[in-house]
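# Summary of the model geometry
Given next are the chains, with one letter for each unit.
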Amino acid sequence: MAGPVKRSVRVAGHRTSLSLEPQFWEALQSAAKTRSVSISSLIAQIDYGRGEINLSSAIRIFLLQEARHGRLAL
């Protein structure tokens, strides 16, 4: 299993970097494709509702919830 991969993304008009394992980047891309939105747009949606959780953790939790509800095949 590969370690986290850092990527720069634009969220709400600001550049930020995220570190996620390659499997989570793939799952995020799949979730965005299913919704017909860009990865940046999906990340912005997750960011909007994350509260005090850091963004990388919020993305992982979002993807887990999507898989549990059958909206994402892992």
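See the structure shown above.
Residues numbered from 1 in each chain as written. Predicted model: local features only at pLDDT ≥ 70, side-chain atom pairs only at ≥ 80, totals over all residues. Heavy atoms only, no water.

## Points about the nonpolar core
Put simply, the test is: Here the nonpolar core consists of buried residues drawn from Ala, Val, Leu, Ile, Met, Phe, Trp, Tyr and Cys, with membership extended through side-chain atoms lying within 4.5 Å. Accessible area is worked out with a 1.4 Å probe on protein chains only. A residue is then buried under 20% of its type maximum, exposed over 50%, and partly exposed in between. Secondary structure elements are taken from DSSP: a helix is a run of H or I of four residues or more, a strand is a run of E of two residues or more, and numbering for both begins at the N terminus. Residue contacts are defined here by distance: any two heavy atoms, one from each residue, within 4.5 Å place the two residues in contact.
The biggest cluster of nonpolar side chains holds 18 residues, and the ones touching the most others in it are Leu 28, Ile 43, Ile 46, Ile 59 and Leu 63. Going through the elements one at a time, β1 (5-11), β2 (14-20), α1 (22-35), α2 (39-48) and α3 (55-68) are the ones with two or more residues in this core. The contacts of Ile 59, once residues within four sequence positions are left out, are Leu 18, Leu 20, Leu 28, Ile 43 and Ile 46.

## Quick word on α2
Note that an α-helix has 3.6 residues per turn; residues three or four places apart therefore point the same way. The condition is simple: The directions from the helix axis to the C-beta atoms are what the arc is built from.
The complete set of buried residues in α2 reads Leu 42, Ile 43 and Ile 46. For α2, the buried positions fall inside an angular range of 100° around the axis, keeping them on one side. Buried residues along α2 sit against β1, β2, α1 and α3.

## Overview of the pairing of β1
Heads up, the rule is: The pairing criterion for strands is at least two bridges between them, as found by DSSP.
Relative to β2, β1 is paired through seven bridges, and the arrangement is antiparallel. Across the sheet, Val 11 pairs through a bridge with His 14, a residue of β2. Counting the residues in the hairpin turn of β1 and β2 gives two residues, including Ala 12, whose phi is positive at 50°.

## Considering the packing of α1 against α3
When two helices pack together, their arrangement is given by the angle between their axes and by how far apart the axes lie. How we decide: In this analysis, axes come from line fits to C-alpha atoms, helices being fitted only over the stretch in contact, and the angle between any two N-to-C directions falls in the range 0 to 180 degrees. Geometric relationships in this document are graded by angle, where less than 35 degrees denotes roughly parallel, more than 145 denotes roughly antiparallel, 65 to 115 denotes roughly perpendicular, and other angles denote oblique. Helix crossings get a hand from a simple test, with the near helix turned counterclockwise from the far one by less than a right angle marking a left-handed crossing and a clockwise turn marking a right-handed one.
Two numbers describe how α1 lies on α3: the axes approach to 10 Å, and their chain directions differ by 60°. The orientation of α1 with respect to α3, classified from their angle, is oblique. Between α1 and α3 lies a crossing whose hand is left-handed. Together, Phe 24, Ala 27, Leu 28, Ala 31 and Arg 35 of α1 and Ile 59, Arg 60, Phe 62, Leu 63 and Glu 66 of α3 make up the contact between the two elements.

## Focus: the pattern of salt bridges
How we decide: Any Lys or Arg side-chain nitrogen located within 4 Å of an Asp or Glu carboxyl oxygen qualifies as a salt bridge.
Taken as a whole and judged by the stated rule, the model has four salt bridges. Measuring nitrogen to oxygen at the nearest pair gives 3.0 Å for the salt bridge that ties Arg 71 to Glu 66. Classification of Arg 71 as partly exposed rests on a relative accessible area of 46%. Salt bridges linked by common partners bring Arg 35, Glu 66 and Arg 71 together as one network.

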